[in-house]
Amino acid sequence: MNKGKKIKLSTVAGVIFTTLIAFSVLLPILWLLVSSFKTDVGVIKFPPRFFPEEWTLHQYLYVGDSIPILQMTKNTVIFAGGVTIISLLFDSMAGYAFARMRFRGSKLLFSIILLTMMVPFQIIMTPLYIEVYKFNLLDTYLGLILPRATSAFGIYMMSSFFTGLPKSLEESGRIDGMSEFRIFRSIMLPLCKPALVSLGIFHFMNNWNDLLYPLMLTSSQNKRTLSAGLAVLVGNKVIKYGPTLAATMISLTPLLILYIFCQKYFIEGVATAGMKE
Amino acid sequence: MTNNKGKRKRYQAQNQKCAYLFILPSMIILSVFVFIPLIASFVISITDMNIFMKDVRFVGLKNFLRLFEDGRVRNATFNSLYFTLLEVPLQVGLALLLTVCLSKNNRYSKLLRSVYYLPFVCSMTAIGIVWSMLLDPNMGLVAYWLKQAGLETIAFLKDPKFAMPTVIVVTAWKGFGYTLTLLAAAVLNISQSLYEAAQMDGAGSFSKFIHITVPGIWPTISFCIVTSTIGAMQMFDQAYVMTQGGPLNKTETVVQYIYDRGFQTAPYDLGYASAISVYLFVIVAVMTFVLRKFILSRGEDADE
């Protein structure tokens, strides 16, 4: 009897603790959401209120006047989307070759690729900048996308997925006289849709949110991504609170929607990253 | 027979060529944008190159000697270490504690785990903007609530003493859900029969945690510690958005100082920036090596 009560107490404490933490996570995000519907006065009102006293779309309608939000969103979509699509293609091609084909030097090359996963970005940052500058690609979409067009992690992840597929699959394709690329494209690639979605989300989220990389490789306002552009504008303290809130909310919305609908894939990408060791 | 063999050989040769074509795009990109910069970084660090890249001369170890006398490098190194030594235990510890509370795979646990992951999906820019506003000492909601509760308010990000701790808490707040996801996946992988056997031996829930759960997820815990340490040593975004390194350079990290020297402040000294990068790289490599050695040996103890 006594023991049952004790367990119950610890369970109750656990529930209270976990719920409190959940509130601490949700409240700031909720605050951002509701505050973006406040009036100019409501945003800087003292004492501050959590919810708007008067709901308005004003901040969203006029955010474009102080922040080039459309241009920034377009840049981010092109950058993060471009990287995701191209990287998925190149990662899966290379991963497929390493997993399913035999060629001279494959083991050595693969270990070198795995090693590059450990190269931190800050060590290659300066030379990367010089290269992109020398290629005349600073402040262009191509200059942003190209260095990210493949990733060691993606190659690793795709290769481990392909390794797990049965060998008989491409045999049947070869007997039918299909070319290697067609075997890859029409037999193997459709089988790894879940891995592709997870990896795609991983790339998209990382690039959408990245700060230092786009900050360094863009110099003009009209090539800045949402996270880099907002960081600069807010850092300069020239923007009013209202438009900043609306722009921040806009920058979060695509990923939040994606997260709500594809939660499973967000977590799976992470779980694979965790098995890297 | 010979014909067949020849055919096979030809097929293999063709297959090889094909394989190289498959890896070609990735290899080119990795070579140009990872391998070459990696080597170049060491070379640039012994030159006096600036952003205009004219009249570049080799200066030997001058940049490195300068670095050891630069008070801002010392300050930034201290800040990065301070940040790492507090942020990593906070993030991993909180995640571990919550993993224990949410180890069952019921609906409540699943829901909360996906709630905790939410800040990880958001950009540090957005998170930084929101928290800077909430923590503003004059008009922020948190400061106001603290005052209402009769507590003394602090200036959080604007106070030299509290700026770094605040950045640490916000970073842990953003990242613990990610660590939790990894740990929870590992816990769910532990065989239930181990717990049942322990139950029969009369083990309490605390001893089950220490003798079954922790050894079972130790590889994942050590992975989280190592990766978050590497990440924390490269901290940039948080300080850039929330404090710009201030107040009084109290939150300026090494990566921020590299960015400042190379890209923000004239004369855009790329040689010096590279030297600091190499310096940071060495620190991180040593830390990773030591951590792994220490954690792996502990892992073996736990297995016994």
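Thresholds, definitions, all that
- Per chain, the residues get numbers from 1 upward, laid out in the order the sequence is written.
- The lettering of chains begins at A and the numbering of ligands begins at 1, in the order of writing.
- Local features in this predicted model are restricted to residues of pLDDT 70 or higher, and side-chain atom pairs are both shown and tallied only at a pLDDT of 80 or more, whereas totals for entire chains, interfaces and linings draw on every residue.
- In DSSP terms, a helix is any run of H or I states spanning at least four residues, a strand is any run of E spanning at least two, and both are numbered starting from the N terminus.
- Axis definition: a line fit to C-alpha positions, over the contact stretch in the case of helices; interaxial angles, taken between N-to-C directions, run 0 to 180 degrees.
- Should the near helix be turned anticlockwise from the far one by less than a right angle, the crossing is left-handed, and should it be turned clockwise, the crossing is right-handed.
- Two residues form a contact once the distance between their C-beta atoms, set from the backbone, is within 7 Å.
- Under this grouping Gly is polar, as are all residues other than the nonpolar Ala, Val, Leu, Ile, Met, Phe, Trp, Tyr, Cys and Pro and the charged Asp, Glu, Lys and Arg.
- Defined on buried residues, the nonpolar core groups Ala, Val, Leu, Ile, Met, Phe, Trp, Tyr and Cys residues joined through C-beta atoms within 7 Å.
- Whether a residue is buried, exposed or partly exposed is read from the other C-beta atoms within 10 Å of its own C-beta, which are placed from the backbone; 20 or more gives buried, 12 or fewer gives exposed, and intermediate counts give partly exposed.
- Scored from 0 to 100, pLDDT records how confident the predictor is in each individual residue.
- Take the number of residues in a helix, subtract one, and multiply by 1.5 Å to get its expected span.
- Given a residue, its bend is the angle between the two axes fitted to the seven residues that end at it and to the seven that start from it.

Draft legend 1. Quick look at the environment of Leu 102 of chain B. Note that Leu 102 of chain B resides in the loop between α3 (71-101) and α4 (107-121). Along the sequence, Leu 102 of chain B and Leu 270 of chain B sit 168 residues apart, while their C-alpha atoms lie 48 Å from each other.

Draft legend 2. Focus on the packing of α3 of chain B against helix α9 (residues 205-233) of chain B. All names here are of chain B. For the pair α3 and α9, the least separation of the axes is 10 Å and the interaxial angle reads 150 degrees. The chirality of how α3 crosses α9 is right-handed. When α3 is examined against α9, the residues Ser 80, Phe 83, Thr 84, Glu 87, Val 88, Gln 91, Val 92 and Val 100 are found in contact with a partner set consisting of Phe 209, Cys 224, Ile 225, Ser 228, Thr 229, Ala 232 and Met 233. Across the contact of α3 with α9, the residue classes tally to nine nonpolar, five polar and one charged.

Draft legend 3. Spatial organisation of the nonpolar core. Core analysis: the biggest nonpolar cluster contains 146 residues, and Ala 94, Ala 97 and Met 158 of chain A together with Val 121, Val 130, Leu 183 and Ile 276 of chain B have the highest contact counts within it. Among the elements that take part in this core, helix α7 (residues 163-189) of chain B stands out by supplying 15 residues, more than any other. Not counting the four nearest positions on each side in its chain, Val 130 of chain B is found in contact with Pro 28, Leu 32 and Thr 248 of chain A.

Draft legend 4. Seen up close, the interface of chain B and chain A. Counting residues at the interface gives 68 residues for chain B and 69 residues for chain A. For the side of chain B that touches chain A, the leading source of residues is helix α1 (residues 2-44) of chain B, giving 18 residues. Taken together, the residues that form the side of chain B that touches chain A break down as 53 nonpolar, 14 polar and one charged.

Draft legend 5. Structural detail: the confidence of the model for chain B. Summarising the model, chain B shows a mean pLDDT of 88, and 93% of its residues fall at 70 or more. Interface confidence for the predicted complex, given as ipTM, is 0.90, next to a pTM of 0.91.

Draft legend 6. View of unusual backbone geometry. For the peptide bond that leads from Phe 46 of chain A to Pro 47 of chain A, omega is -5 degrees, which places it in the cis range. With respect to the helices and strands, Pro 47 of chain A occurs in the loop between α2 (40-43) and α3 (58-66). For the bond running from Ala 266 of chain B to Pro 267 of chain B, omega is 5 degrees, close enough to zero to count as cis. Of note in this structure, Asp 55 of chain B is not a glycine but carries a positive phi near 50 degrees. Mapped onto the fold, Asp 55 of chain B is located in the loop between α1 and α2 (62-69). Residue class for Asp 55 of chain B comes out exposed when judged on the 8 C-beta atoms lying within 10 Å of it.

Draft legend 7. Main features of helix α14 (residues 241-261) of chain A. An ideal rise of 1.5 Å per residue puts 30 Å on 21 residues; α14 of chain A measures up with 30 Å between its terminal C-alpha atoms. At Thr 253 of chain A, α14 of chain A shows its maximal bend, which comes to roughly 35 degrees, and the proline Pro 254 of chain A appears one to four places after that position.

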